[in-house]
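Chain by chain, the residues:
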Amino acid sequence: MTCTIMQPTYLPWLGYFDLIDQVNDFVFLDNVQLVKRSWQVRNKIKMIDDELYLTIPIKKNTHRDITFINQATIFEGDNWRNCHLKSLEQCYKKSNFYKLVFPFVMEQYEHKTNNLADFTIKFICEISTKIGINTTFTRSSELCNISGKKDSLLTSICKSLDSKYYLSPPGSSVYIESYNPGGDFKNSNIDLYYHNYKHPEYRQLNTPFSPYICILDLLFNQGFDNALKTIRNGRKSAYYHINYRHILNQNL
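Quantities reported herein were computed from a predicted structural model and do not represent experimental measurements.

Rules and cut-offs
- Residues numbered from 1 in each chain as written.
- Predicted model: local features only at pLDDT ≥ 70, side-chain atom pairs only at ≥ 80, totals over all residues.
- Heavy atoms only, no water.
- Pairing = 2+ DSSP bridges.
- Helix = DSSP H or I, 4+ residues; strand = E, 2+ residues; numbered from the N terminus.
- Contact = heavy atoms within 4.5 Å.
- Axes fitted to C-alpha atoms, helices over the stretch in contact; angles between N-to-C directions.
- Buried < 20%, exposed > 50% of the residue type's maximum accessible area, 1.4 Å probe, protein only.
- Phe/Tyr/Trp six-rings, centres within 6.5 Å; stacked < 30°, edge-to-face > 60°.
- Lys NZ or Arg CZ within 6 Å of the ring centre and 35° of its normal.
- Parallel < 35°, antiparallel > 145°, perpendicular 65-115°, else oblique.
- Left-handed = near helix turned anticlockwise from the far one by under 90°.
- Expected span 1.5 Å × (residues − 1).
- Arc of directions from axis to C-beta.

1. Remarks on the sheet that holds strand β2 (residues 25–28)
Reading across the sheet, the six strands line up as β5-β2-β1-β6-β7-β8 and stay open at both edges, with mixed pairing between neighbours. The open sheet has two edge strands, β5 (136–139) and β8 (239–240), and neither has a second partner. Alignment of strand β1 (residues 2–6) against β2, held across four bridges, turns out to be parallel. Paired with M6 across the two strands is F28, which belongs to β2. Here helix α4 (residues 116–131) sits on the sheet in contact with β2 and β5, set at roughly 170° to β5.

2. A closer look at the side chain of N206
Along the chain, N206 turns up in the loop between β7 (191–194) and α8 (215–232). With residues near it in sequence (within four places) discarded, N206 still touches K46, M47 and I48.

3. Looking at helix α5 (residues 150–160)
Residues of α5 that are buried include every one of D151, L153, L154, T155, S156, I157 and C158, and no others. D162 sits one or two positions beyond α5 and adopts a positive phi of about 60°.

4. Quick notes on the side chain of S87
Turning to its location among the elements, S87 is positioned in helix α2 (residues 80–92). In contact with S87, other than residues within four places in its own chain, are I45, L52 and L54.

5. Thoughts on the packing of aromatic side chains
Enumeration over the complete set of coordinates arrives at 21 aromatic pairs. Here the aromatic rings of Y98 and F102 are separated by 4.9 Å at their centres, their planes lie at 25°, and the arrangement is stacked. Here Y98 and its partner F102 are both found in helix α3 (residues 98–109), four residues apart, which amounts to about one turn of the helix. A relative accessible area of 13% means that Y98 is categorised as buried. One aromatic cluster in this structure is built from Y10, W80, Y109, F119 and F123. Over the ring of Y53 we find R42, and its NZ or CZ is 4.4 Å from the ring centre. Residue placement shows K130 over the ring face of F224; its charged tip is 5.2 Å from the ring centre.

6. As for the packing of α3 against α4
Where α3 meets α4, the closest approach of the two axes is 10 Å, and the angle between their N-to-C directions is 150°. Relative to α4, the element α3 lies roughly antiparallel. Considering how the two elements wind past one another, α3 and α4 form a crossing that is right-handed. From α3, F104, V105, Q108 and Y109 reach across to α4, where they touch F119, K122, F123, E126, I127 and K130.

7. Quick look at α3
Helix length check: α3, at twelve residues, gives a terminal C-alpha distance of 16 Å against a target of 16 Å (1.5 Å per residue), a fit within 8%. If you check which residues of α3 are buried, you get Y98, V101, F102, F104, V105, Q108 and Y109. The arc that holds every buried residue of α3, seen down its axis, measures 165°, which confines them to one face. Seen from the buried face of α3, the exposed residues on the opposite side, beyond 90 degrees, are K99 and L100. Looking at the buried side of α3, the elements it contacts are α2, α4 and α8.

Here it is, written out as structure tokens:
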């Protein structure tokens with residue numbers, strides 16, 4: 001069994017969905033601290049000649065610095081849902097699959113929870129199902145007997161799911177590999193691999209091509225039926241952690 005653990009983000013990019021597609025279990029790491037102005041609450045769409053950030057406003061409180069993702073409350077006073085929908089309409093109403101995709105997107109925004117994790121996780125799961133991904137989803141907050149920080153927390157989650165293989169986003173190597181190759185994964189006899197992904201190009205509404213746009217850009221331009229094939233076009237063979245460490249050392 002292969003596992004990946006990622007924080008829930010707002011309308012992730014293609015590589016996030018490629019990670020989901022490659023594993024048996026995808027765990028949303030939702031009981032960790034919310035980071036201000038991060039991908040947890042915002043992402044970008046493509047305009048005619050620029051990019052536009054869409055941000056979910058979070059209700060302020062005196063303990064904002066220690067708010068966990070699954071405890072964050074969406075601030076509804078800004079009418080942000082309609083603003084995001086209007087921006088998507090303006091940017092993509094001339095796209096090939098607008099009439100098919102926009103009603104689906106509207107349905108997601110109509111999910112009236114004010115819990116950040118509930119909203120973003122449901123959106124990700126609905127998109128995954130719609131494009132043909134059959135991975136099992138779990139929230140770390142729902143798992144019992146997990147503990148630790150950083151890589152020890154990740155291995156604890158893997159053990160709770162009986163996962164023998166872990167596919168990690170490359171950015172996590174900063175702390176996993178900080179002391180010894182493979183970090184706590186090696187100590188736990190869990191095979192560690194790093195995701196290897198090159199953003200594929202597809203026909204967008206406006207040129208030149210802009211990579212790392214949120215998943216909705218792909219859906220509006222390529223449709224649901226073509227989305228997963230396009231996502232998989234960027235997939236490269238994952239790096240075993242020892243090989244990835246050599247690549248990192250060569251780039252220093």
